[in-house]
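# Understanding the architecture of this molecule
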Amino acid sequence: MSDHVSRKDFVAIIGTATAAVAVPTAAGAAAVPAPAGMAPMEMAANTAQPGGMAPLGNEPEAYTYFTEPEATFIEAAVERLIPTDDHGPGARSAGVAFFIDQQLLGAFGTAAKTYRGGPWGVGTPMQGYQLRQTPAEVYRQGIAATEAYCNKTYQSRFAELTAAQQDDVLKGLDAGTIKFDIVPAKTFFEMLLQNTVEGFFADPQYGGNRNKAGWKLIGFPGVAAYYADKITDYNKAYNVTPVSIADVQQGLPVAEGHQLMHHMAMENAKRLDEVNQ
Amino acid sequence: MPKTMKPVDAVMIGVGWTGGILARELTKAGLNVVGLERGDFRNTNPDFLTPGVHDELAYAVRNKLFQNPARDALSFRNNVRETALPIRQFSSFLPGDGLGGAGVHWNGLTWRFLESEFKLRSNSIAKYGAAVLGEDCTSQDWGITYADLEPHYDRFEYLCGISGKAGHLNGKKIAGGNVFEGSRKREYPNPPLKHSYSQEMFRKAMSDAGLHPFIAPSANTSQAYKNTEGVQMGACAYCGFCERFSCEMSAKGSLQTTLLPILLKEPKFELRTNSHVLKINVDSTGKKATGVTYLDPSGNEVVQPADMVFLTAFSLNNVHLLLLSGIGKPYDPATGTGIIGKNYTYQAGTQATLFYEGKHFNQYMGAGSLSMGIDDYNGDNFDHSGLDFIGGGVIIQSTGSARPILYHPVPKGTPRWGAAWKAAVAKYYNSSLGFNAIASSQAYRGNYLDLDPTYKNEQGQPLMRMTFDWGKHERKYSDWLLGRFDTMAKSLNPQSYTLNALSEHNSVVGYQSTHNNGGAIMGTDPAHSAVNTYMQVWDVPNVFSMGASAFPQNAGYNPTGTVGALAYRTAEAVTKRYIKNPGLLT
């Protein structure tokens, strides 16, 4: 099975005879300073046109929703959920705490896409989330309640506990053996776990999955690529450096299948422009 | 005083598959049509372009293309003894929002329902006796046959360029296609998609077991295709971002890829987006609709007079608007009387996940409907004698949805987080495969849709309340199927496997399917149906209620093929007969 798509195949895919594969030009990458413990994000070098948008440059990232103690808690907690080990970086290094911070400040955290009308009933598990709290509020109250539990049980903050103690606390939240008054501990834990997995595997544009640590761990090649010529490579590993949305947008060097996909989509867009005129 | 627009021949409430098909056919017949779409305008270029459109978090997790419950939601309960609470976040089903509707973000599995499905109740009683249905089962015959729909299935398939292989062509069974399907008059418009490694394993194992594997019919086009409207579609890239996403390659059948370029140039069609219909207006007799009232993008009320009103929204929203408009008698489960909201059904499911050592399945490659299937355990394709249930489902092994936030299976017993979880995810992400049943959902007396007494939407109108749980047929089929799944899983030689039966109770948490059916069901008798077989509301025959809300119950397949076929059948009847002689079609 050929790894390359011939011009003839390509024309057949697009349904037009004007295609030619353009290879994006390479551009360097610059590192942006990051909070302690987090890997810096890869940012493209200045590829902007004169007069266009300046690159992000060296502006540091900052927590915008979490207070400093909250950020310390979240950094410690996500590192237990997905720890650094022989398999590679964990959630802290992947920027998951920053990812969650940004999510809580936006539409997710403020429950913008959630039905918000009362009355607020206690439903069955089949009826789903029924709390009045937004996710941002669940975090604020859940972190405070967990810290209160740690203070009472260990006379220490969560981040200062041993890894084994931290795991015990998280297991207690997960199993529902630790109970809070103001917000269900299990709800807080489930949200934290879900958002941690999201931050580890989402496109790096959201501030997590730094250096594509999550994608590298499992061998996910990232944003869409052209696989019509690979789908019948039975039981054959497909190893490429994972590709993010920004990589493609900024014309950084990416795997051939990703280049081809983007190019063909752009050709299709050009064709549609003509159709729509 | 609301502003009143110039009268038109027909108004479409919602512009997705059915609204698009009806608008095209009616304007072709010379009628003036207005399409009112409550969501945004969107088109392949520029709205669906790479690379941003393949963002798993935004689209698949944060529901970018789906109805916003802050504006309009439903409430849900399992039975009448419970108090319904709002579905605050859509999860188990994901209604589409915006031009093209759910037809933008679907996977593309495009089936014809089995011949036996259309006579479900009478066939079941004749073959297995009346007792098999159970007292509370209200499933019924459709009032039409497969033969009635065959030409219309054909039109929809050729509109979308469905890729597949016939298994039953002009009475002749063909190995490699689905030999259980009803006889078709011609081949699929495009050859089947190429299939993946896991699908080849599945095909071989099923074939060795004496079953009848076939590659599923798909609206992901296997090659570039110029459709029956002269619209050019692309070829599927097997990029693996299909369900919950839109397609930048114009390679998935949707309004945008099949009809929209024609409609946008059609002078007799006017599209108004961000226009939310509040109700259908009827005259003083209550027997004739005069048009609709809607909110324009700024929230002003507007009246659009029309000779014909087509409910072409998502199935649930069709029923909601009938209830809000006071058209037809609402169903009452206590007495079994009334019809609007009756026979709400869903889609049952049973899953298997198989884990291997060191295999490379590359499940992130593929397409939404790239599937190897068997139909041996669907509908009446197997003998139900002594089983005490009816129905079944197609079983598919699919490749192409393995995006990592939502797909990272681990064997049973693996911790949910921590180092052991991380190791298992790394080991099995690319070395697991799954297969699942898309199973039928029978209608029961206690499952229905009505208006919620408490919760209101953004407009201050009552939310629709869904009362639903699984019944005997779904539960017994799933239990029975687990035995078959066990055999099937073993035949694929995994290191370990997990079987998931149907949930004990239906839940709105965790994705199942966006196959919400019934509530405005079709039939031949006004006592047992809301619409006739041409989708005309019996009580108000210039209102046509389209879509899967008309299914008397759901078959063991995805619904879109039948939704499209029913739309073409109505379009033919309206353009050839109704406009010459308005009234109930017979």
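Look up a bit, the structure's there.
Residues numbered from 1 in each chain as written. Chains lettered and ligands numbered in written order. Predicted model: local features only at pLDDT ≥ 70, side-chain atom pairs only at ≥ 80, totals over all residues.

## So, the packing of helix α2 (residues 68-81) of chain A against helix α3 (residues 96-105) of chain A
Residue and element names in this part refer to chain A.
- Packing of α2 against α3 brings their axes to within 8 Å, and their N-to-C directions diverge by 125 degrees. By the angle between their directions, the pair α2 and α3 is classed as oblique. The two elements α2 and α3 meet at a crossing, and its hand is right-handed. Two secondary-structure elements touch here, α2 through A71, I74, E75 and V78 and α3 through V96, A97, I100 and D101. (Axes fitted to C-alpha atoms, helices over the stretch in contact; angles between N-to-C directions. Helix = DSSP H or I, 4+ residues; strand = E, 2+ residues; numbered from the N terminus. Parallel < 35°, antiparallel > 145°, perpendicular 65-115°, else oblique. Left-handed = near helix turned anticlockwise from the far one by under 90°. Contact = placed C-beta atoms within 7 Å.)

## A word on the environment of A235(B)
- The residue A235(B) is located in the loop between β10 (232-233) and α7 (255-258) in this model.
- As for A235(B) and A224(B), which are separated by eleven residues in sequence, their C-alpha atoms are 4.6 Å apart.

## Some thoughts on helix α1 (residues 17-28) of chain B
All names here are of chain B.
- Its twelve residues place the ends of α1 17 Å apart at the C-alpha level, agreeing with the 16 Å of an ideal helix rising 1.5 Å per residue.
- The element α1 is largely enclosed, with a buried count of ten among its twelve residues.
- When we look at burial in α1, the residues that qualify are W17, T18, G19, G20, I21, L22, A23, R24, L26 and T27.
- The positive-phi residue at the C-terminal boundary of α1 is G30, with phi of around 95 degrees. (Expected span 1.5 Å × (residues − 1). Buried ≥ 20, exposed ≤ 12 C-beta atoms within 10 Å, placed from the backbone.)

## Some details on the packing of α2(A) against helix α5 (residues 163-175) of chain A
Residue and element names in this part refer to chain A.
- Running from amino to carboxyl end, α2 crosses α5 at an angle of 85 degrees, the nearest separation of the two axes being 10 Å. On the basis of their axis angle, the class for α2 and α5 is roughly perpendicular. Between α2 and α5, the contacting residues are A76, A77 and R80 on the first element and A163, Q166, D167 and L170 on the second.
- Here the residues of the contact of α2 with α5 sort into four nonpolar, one polar and two charged. (Nonpolar A, V, L, I, M, F, W, Y, C, P; charged D, E, K, R; others polar.)

## Section: the sheet that holds strand β4 (residues 74-77) of chain B
Residues and elements named next belong to chain B.
- Spatially, the four strands line up as an open sheet ordered β5-β4-β20-β19, and their pairing is mixed. Edge strands, defined here as strands with exactly one partner in the open sheet, are β5 (85-86) and β19 (448-456).
- Relative to strand β20 (residues 462-467), β4 runs parallel, the two being bridged by four bridges. By the bridge assignment, F76 is partnered in β20 with M466.
- Strand contacts of helix α9 (residues 315-325): β4, β19 and β20, with the helix running at about 120 degrees to β20, the strand carrying the most contacts. (Pairing = 2+ DSSP bridges.)

## A closer look at the environment of G391(B)
- Turning to its location among the elements, G391(B) is positioned in the loop between β16 (371-374) and β17 (393-398).
- The residues contacting G391(B), other than those within four sequence positions of it, are G379(B), A439(B), S440(B), Q442(B), H473(B), Y477(B) and G556(B).

## A short note on the sheet that holds strand β18 (residues 432-439) of chain B
All names here are of chain B.
- Taken in spatial order, the six strands of this open sheet run β8-β16-β17-β18-β15-β21, and their pairing is antiparallel. Two strands in the sheet have a free side with no partner beyond their single neighbour: β8 (214-215) and β21 (496-500).
- Relative to β16, β8 runs antiparallel, the two sharing two bridges. Bridge pairing links I215 to M372 in β16.
- Taken strand by strand, helix α6 (residues 197-208) contacts β16, β17 and β18, and its axis lies near 15 degrees from that of β16.

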